[in-house]
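Chain and residue survey
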Amino acid sequence: MSAVVDSIIANPVAVPLMHGEAHRALAFDGVGVVALDTFARQVRALAASLPHARYAINLCEDRYRYLVVFCAAAARGQITLMPPSRAPAVIDQVRAQYPDSYCLTDVDLSPAPPQCVRMPDVLAQLDGASLQVDVDAVAAIGFTSGSTGQPRAYSKTWRSFRTSTAQNLAALHGLLSRHEVTHAVATVPPQHMYGMEMSVLLPLLGPVAVHSARPLFPADVARALHDAPRPPLLVTTPVHLRALVASGLRLPPLAGIVSATAPLPQELAAEAEAAFGCEVREVFGSTETCVFARRRTAREDAWTPLPGVRLQPQPDGTAVHAAHLAEPVVLADLMEVHSDGRFEVRGRNADLLDIAGKRASLGDLTRKLLAVPGVEDGVMFQLDDEDAIGVRRIAALVVAPELDEAQILHALRQQLDPVFLPRPLRRVAALPRNETGKLPRQALHALLHAEEAVTAA
């Protein structure tokens, strides 16, 4: 089956909200599949019942119901807000910024946000004209994760989403079936931009059907993969992939594995390819840019930009030029661009350290921490200015049940210059990762202060 998305839409007014034949599978689970025509009837019925508002916050747990709500809101001309977290305080903050908004959910929430619509357990259906949207209308507003500071909002139009989806189909070339619908299982939430791209927009606009669940634990992932009628594509993150490899579970044959949201260690990519007998393809993107590059991490260091993407290094980062971006977007990542257009990431401005004339990066320090035998998870980060006097100190939070802090520091001394040893280093039960495995800066500092308070007591 060929892609059904045009990379550039000429003279746009209204475009179809979804693409494909009426009988094409859009979603599936252990019970069966949902065809595009059934989905469209459910979208029309829900759209007719939605409240009048400018913005909608989609909190659905079930991925299929998220799709229904997303398209019903779009059919009403409403913009979907994508907060960086579904925590009540974060939802309240976004609603305060966008007062003409309401929430939709498919489960009972406690506490429930104000103006929250609970979807019916049985979805009604309604026949009608084909569903269309204005290609230049804003489809969604995504918020950065806050891993490097305060979340920022970025608007995405249907034009940009359609073009970036065509880019993603190119990024997945060789992993998607050429003649049939590819079934996909995603561990990342649809509320995240990576999840939106790979598990919402691909089923809507490309030859992909997505599993309705969002499995988290290895056994749940394996179960969902077994629901696919043919080798599925696994859309996941390094955190989930590491857990799958460590579990030793046998998975069914896979079309491939896609990873994003955090750097994928080359060793882990190679272990996953050996364990599951398929290619692990890492994609590079952000809330600001969507996906714009790919690589086979087990074999490649350099990234290959997607068609039409061009990178321009700058003193403060790298400018990304792409057809789906209204204007170049400057990322904080420092990249070395090769003569053929491929590039390698050298770190971020905020991650680069210069202490006593010696240089390092937080990313490299964290990789050395994770390489210590017995360390299951960990991160190195700098303390905020208010936490340190003079040079900002480096701190570390480590999950290592069988090691004590002195043993971890001893191992690090074999690898690091003393000026880069973390002070303090604290063992914790788990890192405060969000749903996509990222570590918001504020959460790291909160956990460090909590651990220090316990130690002092």
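See the structure above.
Just so we're clear, the structure is a prediction, and the values are computed from it rather than from any experiment.

On to helix H1 (residues 36-49). The end-to-end C-alpha separation of H1 is 20 Å, in line with the 20 Å expected for 14 residues at 1.5 Å each. Taken together, the buried positions of H1 are occupied by Leu 36, Phe 39, Ala 40, Gln 42, Val 43, Arg 44, Ala 45, Leu 46 and Ala 47. For H1, the elements touching its buried residues are strand E2 (25-28), strand E3 (33-35), helix H2 (63-75) and helix H5 (193-205).

Side-chain alternation along strand E14 (residues 256-259) places Gly 256 and Val 258 on one buried face and Ile 257 and Ser 259 on a second face that is also buried. Two strands pair when backbone bridges link them, and strand E13 (residues 233-236) and E14 are joined in this way by four bridges, in the parallel orientation. Pairing of Val 235 across the sheet is with Val 258, part of E14. Of the crossover connections in this fold, the one passing from E13 over helix H7 (residues 238-247) to the parallel E14 is right-handed. Across three bridges, the pairing between E14 and strand E15 (residues 280-284) is parallel. Bridge pairing links Ile 257 to Val 280 in E15.

Let's shift gears to the packing of helix H4 (residues 158-171) against H5. Where H4 meets H5, the axes come as close as 10 Å, and the angle between the chain directions of the two elements is 90 degrees. It follows that H4 is roughly perpendicular to H5 by the angle criterion. When H4 is examined against H5, the residues Trp 158, Phe 161, Arg 162, Thr 165, Asn 168 and Leu 169 are found in contact with a partner set consisting of Met 193, Met 196, Glu 197, Met 198, Leu 201, Leu 202 and Leu 205. In terms of residue class, the contact of H4 with H5 is built from nine nonpolar, two polar and two charged.

Bringing the packing of aromatic side chains into the picture now. The tally for this structure, following the rule as stated, stands at eleven aromatic pairs. Aromatic pair Trp 303 and Phe 343: ring centres 6.4 Å apart, planes at 15 degrees, arrangement stacked. Of this pair, Trp 303 sits in the loop between strand E16 (293-295) and strand E17 (304-305) while Phe 343 sits in strand E22 (residues 343-348), and the two are 40 residues apart along the sequence. With respect to class, Trp 303 is no different from Phe 343; both count as buried. Aromatic rings pair up to connect Tyr 66, Phe 70, Trp 158 and Phe 161 into one cluster.

This next bit is on the side chain of Glu 279. Position of Glu 279 among the secondary structure elements: in the loop between helix H8 (266-276) and E15. Assessed through its relative accessible area of 18%, Glu 279 is described here as buried. At 2.9 Å, the side chain of Glu 279 forms a polar contact with the side chain of Arg 281. If we skip the residues at most four places from it in the chain, Glu 279 touches Leu 175, Gly 256, Ile 257, Glu 273 and Arg 296.

It is worth spelling out the environment of Asp 404 at this point. Tracing the sequence through the fold places Asp 404 in the loop between strand E26 (394-399) and helix H10 (405-413). The partly exposed category is assigned to Asp 404, whose relative accessible area is 36%. For the pair Asp 404 and Arg 427, spaced 23 residues apart in sequence, the C-alpha to C-alpha distance is 7.5 Å.

For H8, the complete set of buried residues consists of Leu 268, Ala 269, Ala 272, Glu 273 and Phe 276. The buried residues of H8 occupy an angular sector of 135 degrees when projected down its axis, which confines them to one face. Residues of H8 that are exposed and angled more than 90 degrees away from the buried face: Glu 267 and Ala 274. Each element contacted by the buried residues of H8 is listed here: H7, E14 and E15. Downstream of H8 by one or two residues, Gly 277 has phi in the positive range, about 65 degrees.

This part covers the sheet that holds strand E20 (residues 329-331). Here three strands make up an open sheet; going across it, the order is E18-E19-E20 and the pairing antiparallel. Two strands close off the open sheet at either side, each with one partner strand: strand E18 (310-314) and E20. Averaged over all adjacent pairs, the angle separating strand axes in this sheet is 30 degrees, with direction ignored. In this sheet, strand E19 (residues 317-321) lies alongside E18 in antiparallel orientation, the contact comprising five bridges. Bridged to Gln 314 within E19 is Gly 317.

Conventions adopted
- Residues numbered from 1 in each chain as written.
- Predicted model: local features only at pLDDT ≥ 70, side-chain atom pairs only at ≥ 80, totals over all residues.
- Heavy atoms only, no water.
- Helix = DSSP H or I, 4+ residues; strand = E, 2+ residues; numbered from the N terminus.
- Expected span 1.5 Å × (residues − 1).
- Buried < 20%, exposed > 50% of the residue type's maximum accessible area, 1.4 Å probe, protein only.
- Contact = heavy atoms within 4.5 Å.
- Pairing = 2+ DSSP bridges.
- Right-handed = clockwise from strand over helix to strand, strands pointing away.
- Axes fitted to C-alpha atoms, helices over the stretch in contact; angles between N-to-C directions.
- Parallel < 35°, antiparallel > 145°, perpendicular 65-115°, else oblique.
- Nonpolar A, V, L, I, M, F, W, Y, C, P; charged D, E, K, R; others polar.
- Phe/Tyr/Trp six-rings, centres within 6.5 Å; stacked < 30°, edge-to-face > 60°.
- Polar contact = N/O pair within 3.5 Å; in protein donor to acceptor, adjacent residues only side chain to side chain.
- Arc of directions from axis to C-beta.

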